[in-house]
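Descriptive structure summary
Listed here are the chains, written in short residue letters.
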Amino acid sequence: MKISDMIKSGKPTLSFEVFPPKTSDAYEKVAGAAYKIADLKPDFMSVTCGAAGTTDSYTALIASEIKNKHSVEALQHYTCINVTRENVLKKLEFSKKNNIDNILALRGDIPENYDKDADHDFKHASELIYFIKEHSDMCVGAACYPERHPESPDVKSDIAHLKEKAEAGCDFITTQMFFDNNVLYKYLYKIREAGIYVPVIAGIMPVTNAKQIKRIMSLSNAEFPSKFMNIIDRFGPDNDAMLQAGIIYACEQIIDLIANGVDNIHIYTMNKPEVAGKIQESLSGIIPSCQNK
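**Some words on the overall build of the protein**
Tallying secondary structure elements over the protein gives 11 helices and eight strands in all. Taking 2.2 N^0.38 as the reference for a compact globule, 293 residues should give roughly 19 Å; the C-alpha atoms of the protein span a radius of gyration of 18 Å, in line with that estimate. Along the three orthogonal principal directions, the C-alpha set of the protein runs to about 50 × 45 × 40 Å. For the protein, buried positions account for 53% of its 293 residues. Restricting to contacts in the protein with at least 6 residues of sequence separation, those with at least 24 account for 79%. On the protein, roughly 14,100 Å² of surface is accessible, and the fraction owed to carbon and sulfur atoms is 49%. Charge-centre separation for the protein: the mean point of 33 positive side chains lies 2 Å from the mean point of 39 negative side chains.

If you want it as structure tokens, here you go:
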């Protein structure tokens, strides 16, 4: 089933993101955690890939297992840095053979010694989106940054790039993590004002240990509201307390989002089945797919 069709149904959805292993010796452990999350039966699961597609084979395999053995819709990540048109066509062939209907098209992280001025087949996610839509009937998603992409000079430029993705044919947009819902509400107003009407899925990161803060800061421009920082300061040293507080904070964000009409929620699980399960349990009366789990 295409994610765009899920969104059109009008029912709130909850989805989970997992990542593949970086090396073969870690595959069993990492994939095992992903499959435990799949057993929770979310609306769909996305499977990331490493910088410049370094874990593409693992991404494809885990996405296939999630869809075909665990009966959960899979969203396979494609990146375009250092990728040729031929590479993308081969990946599309694999996805189609494995019943994967959904792709998240990203530029991806730029590796060291990458020549931005060289004649690459793809330089931007918008080019990859257009190519995929031209050569398949896949449902294609894109990413957005409510607090601006770290490489964008300003919000206006960032939204202009997002509009290019929308015009290339993307079917939905998933946000980078944010910790203040007002940030998203203001962002939604700005992109609608710019003529971008593609459905937006809100990306939520449950912070369950204080060490995650450094990682979050390296990935995004997310600002931390005082309420959130007070939680980190108070409960950060206590692992059990921080786990519980982080899940509750994320659930409070989700409840507020749904109450304000943002019905599609994507959880950055960090491959933690216990976190995914607790969030699902807490939302059992709010999101249909969370019931009877």
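Don't stop here, the text continues.
**Focus: the pattern of salt bridges**
With the rule as written, the count across this model stands at 10 salt bridges. Residues glutamate 65 and lysine 69 are paired through a salt bridge, measuring 3.5 Å at the closest nitrogen-oxygen approach. Using a relative accessible area of 62% as the deciding quantity, one classes lysine 69 as exposed. A salt bridge links lysine 67 to aspartate 101, with the nearest nitrogen and oxygen atoms 3.7 Å apart. Taken as a pair, lysine 67 in helix H3 (residues 56-68) and aspartate 101 in the loop between helix H4 (85-97) and strand E4 (102-106) lie far apart in primary sequence, 34 residues in all. Exposure remark for lysine 67: the relative accessible area of 15% places this residue in the buried category. Shared partners join several salt bridges into a network, and the residues in it are Lys67, Glu73 and Asp101.

**Looking at empty space enclosed by the protein**
Empty space among the atoms becomes visible once a probe the size of a water molecule is rolled across them. Evaluated as defined, the whole model comprises one cavity of 30 Å³ or more. Taken as a whole, the largest cavity holds about 40 Å³ of empty space.

**Looking at the packing of aromatic side chains**
The way to describe two aromatic rings as a pair is by their centre distance and the angle between their planes. A full pass over the atoms with the stated rule returns six aromatic pairs. Ring plane angle 45 degrees and centroid distance 5.5 Å describe the contact between tyrosine 27 and tyrosine 58, whose orientation is recorded as tilted. Linking tyrosine 27 in helix H2 (residues 27-38) with tyrosine 58 in helix H3, this pair joins segments that are 31 residues apart in sequence. Aromatic rings pair up to connect Phe179, Phe224, Phe228 and Tyr249 into one cluster. Just above the ring of phenylalanine 122 sits the side chain of arginine 85; from NZ or CZ to the centre is 6.0 Å. In this arrangement the basic side chain of lysine 91 is found over the ring face of tyrosine 78, its NZ or CZ atom lying 4.4 Å from the centre.

**Details of the pairing of strand E7 (residues 200-204)**
E7 sits mainly inside the fold: five of its five residues count as buried. By the alternation rule, side chains of E7 split into Val200, Ala202 and Ile204 and Ile201 and Gly203, which are all buried. Two elements, strand E6 (residues 172-175) and E7, share two bridges in a ladder whose sense is parallel. Looking across to E7, one finds that threonine 174 is bridged to isoleucine 201. Between the parallel elements E6 and E7, the chain passes through helix H7 (residues 181-193) in a crossover that is right-handed.

Analysis parameters
Residues numbered from 1 in each chain as written. Predicted model: local features only at pLDDT ≥ 70, side-chain atom pairs only at ≥ 80, totals over all residues. Heavy atoms only, no water. Helix = DSSP H or I, 4+ residues; strand = E, 2+ residues; numbered from the N terminus. Rg over C-alpha atoms; globule rule 2.2 N^0.38 Å. Buried < 20%, exposed > 50% of the residue type's maximum accessible area, 1.4 Å probe, protein only. Contact = heavy atoms within 4.5 Å. Areas by Shrake-Rupley, 256 points an atom, 1.4 Å probe, with all protein chains shown as cover. Lys, Arg positive; Asp, Glu negative; His and termini not counted. Charge placed at Lys NZ, Arg CZ, Asp CG, Glu CD. Salt bridge = Lys/Arg side-chain N within 4 Å of Asp/Glu carboxyl O. 1 Å grid on protein atoms, 1.4 Å probe; cavity = no way out; pocket = protein on both sides within 12 Å on 5 of 7 lines; lining within 4 Å. Points joined across faces, edges and corners; volume = space filled by probe spheres on them. Phe/Tyr/Trp six-rings, centres within 6.5 Å; stacked < 30°, edge-to-face > 60°. Lys NZ or Arg CZ within 6 Å of the ring centre and 35° of its normal. Pairing = 2+ DSSP bridges. Right-handed = clockwise from strand over helix to strand, strands pointing away.

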